[in-house]
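The primary structure of each chain is shown beneath.
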Amino acid sequence: MKKKSQLVAIILSFCFGGFGLDRFYLGYKGIGFFKLFTIGGLGLLWLYDFKRICKGDLQPKDGEYDKTIYYHIGIYISNGSSQEIYNQEMVIMHKWVAF
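Residues numbered from 1 in each chain as written. Predicted model: local features only at pLDDT ≥ 70, side-chain atom pairs only at ≥ 80, totals over all residues. Heavy atoms only, no water.

1. A few points about the side chain of D22
If you trace the backbone, D22 turns up in helix α2 (residues 21–26). Setting aside its immediate chain neighbours within four residues, D22 contacts A9, L12, S13, G17, K35, D49 and I53. (Helix = DSSP H or I, 4+ residues; strand = E, 2+ residues; numbered from the N terminus. Contact = heavy atoms within 4.5 Å.)

Given below as structure tokens:
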């Protein structure tokens, strides 16, 4: 089975998490249907899942992410950014994930 991207999971969770698309993408169909019919667990389950996906705690059902958010940040950084920008990006990312 094709591995999943954490960035895609984050985008799906943020935009369509209230409808369970993030859980369907990760392979958790039962919880996906629950979120669909309860509008993201009245918003609470949507927020909880969004935070877990951002932190990397909620992995795909069939294993691990192929590409994590840190991989995507690394691609951006390796394309000509300086070490100072890299450090600033990582500090921002750690603060964002730790909310």
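Structure shown, so let's carry the discussion forward.
2. Observations concerning the nonpolar core
A general feature of soluble globular proteins is that nonpolar side chains tend to end up buried together. In terms of nonpolar packing, the biggest core is built from 8 residues, these being A9, I10, L26, F50, I53, C54, L58 and Y65. Mapped by element, the contributors of at least two residues to this core are α1 (6–16) and α5 (44–55). Take this core: its biggest share by element is 3 residues, from α5. Those residues within four positions of L58 in sequence are excluded, and the remaining contacts are R23, L26, Y28, D49, R52, I53 and Y65. (Core = buried A, V, L, I, M, F, W, Y, C linked by side-chain atoms within 4.5 Å. Buried < 20%, exposed > 50% of the residue type's maximum accessible area, 1.4 Å probe, protein only.)

3. Digging into the packing of aromatic side chains
This structure, assessed with the given rule, holds 4 aromatic pairs. Ring geometry for W46 versus F50: centroids 6.0 Å apart, planes at 15 degrees, classification stacked. With W46 and F50 both in helix α5 and 4 residues apart, the pair spans about one turn of that helix. Accessibility expressed as a relative area gives 23% for W46, which makes it partly exposed. Among the residues examined, F50 registers a relative accessible area of 9% and is labelled buried. Each member of the aromatic cluster is reached from another via a ring pair, and the members are F14, W46 and F50. Lying over the aromatic face of Y25, K4 brings its terminal NZ or CZ to 5.0 Å of the ring centre. Positioned above the aromatic ring of Y28, the side-chain terminus of R23 is 5.2 Å from the ring centre. (Phe/Tyr/Trp six-rings, centres within 6.5 Å; stacked < 30°, edge-to-face > 60°. Lys NZ or Arg CZ within 6 Å of the ring centre and 35° of its normal.)

4. Description of the pattern of salt bridges
Where side chains of opposite charge bring their charged atoms close, a pairing between them can arise. Within this structure, the stated rule accounts for 3 salt bridges. Note that K35 is salt-bridged to D22, the shortest N-O span being 3.0 Å. On the criterion of sequence distance, the pair formed by K35 in helix α3 (residues 29–37) and D22 in helix α2 is long-range, its members being 13 residues apart. Each member of the pair, K35 as well as D22, carries the same accessibility label: buried. For D49, the salt bridge goes to R23, with nearest N and O atoms at 2.8 Å. Of this pair, D49 sits in helix α5 while R23 is found in helix α2, placing the two residues 26 residues apart along the sequence. (Salt bridge = Lys/Arg side-chain N within 4 Å of Asp/Glu carboxyl O.)

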